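One-letter residues, chain by chain:
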Amino acid sequence: MSTTKTKRLNIQELVYGQVVWSEYFDCYVQYTGKDFDEDFCFKFLHKDGYCVIYSSEIYDPPDLIKELL
């Protein structure tokens, strides 16, 4: 992500399929919903696999990235 910060997002307000920037994983991830333990599950966009994010260190992608997705 560029050095300019974009809008920080509230993890509670994400919608299915939304792409966000994760500071923890240092990559873009796609929100896939909550699992049975109420964890927030995401799919990696740059490789196979899924992850769980607990913190709210997620940001809205820049407008150019949104257009490309």
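Q: Help me understand the sheet that holds strand β5 (residues 58–59), please; the structure alone is not making it clear to me.
A: Either a parallel or an antiparallel arrangement is found when strands of a sheet pair, and the pairing is made through backbone hydrogen bonds. A sheet is described by the order of its strands in space; here five strands give the open sequence β4-β3-β2-β1-β5, paired in antiparallel fashion. Both outer strands of the open sheet, β4 (50–53) and β5, are each paired with one neighbouring strand and no more. Where strand β3 (residues 40–44) meets β4, four bridges bridge the pair, whose relative direction is antiparallel. Residue pairing in the sheet places Phe42 in a bridge with Cys51 of β4.

Q: Is there a simple way to think about the pairing of strand β1 (residues 19–22) in this case?
A: For a regular strand, side chains alternate in direction, first toward one face of the sheet and then toward the other. Residue alternation in β1 divides its side chains into two sets, Val19 and Trp21 and Val20 and Ser22, and both sets are buried. Counted along the chain from β1 to the antiparallel partner strand β2 (residues 27–34), the turn is four residues long, and its residue Asp26 has a positive phi close to 55°. The pairing of β1 with β5 spans two bridges and is classified as antiparallel. Across the sheet, Ser22 pairs through a bridge with Ile58, a residue of β5.

Cut-offs used in this document
- Residues numbered from 1 in each chain as written.
- Predicted model: local features only at pLDDT ≥ 70, side-chain atom pairs only at ≥ 80, totals over all residues.
- Heavy atoms only, no water.
- Pairing = 2+ DSSP bridges.
- Helix = DSSP H or I, 4+ residues; strand = E, 2+ residues; numbered from the N terminus.
- Buried < 20%, exposed > 50% of the residue type's maximum accessible area, 1.4 Å probe, protein only.

Functional significance is not addressed by these values, which are geometric in nature.
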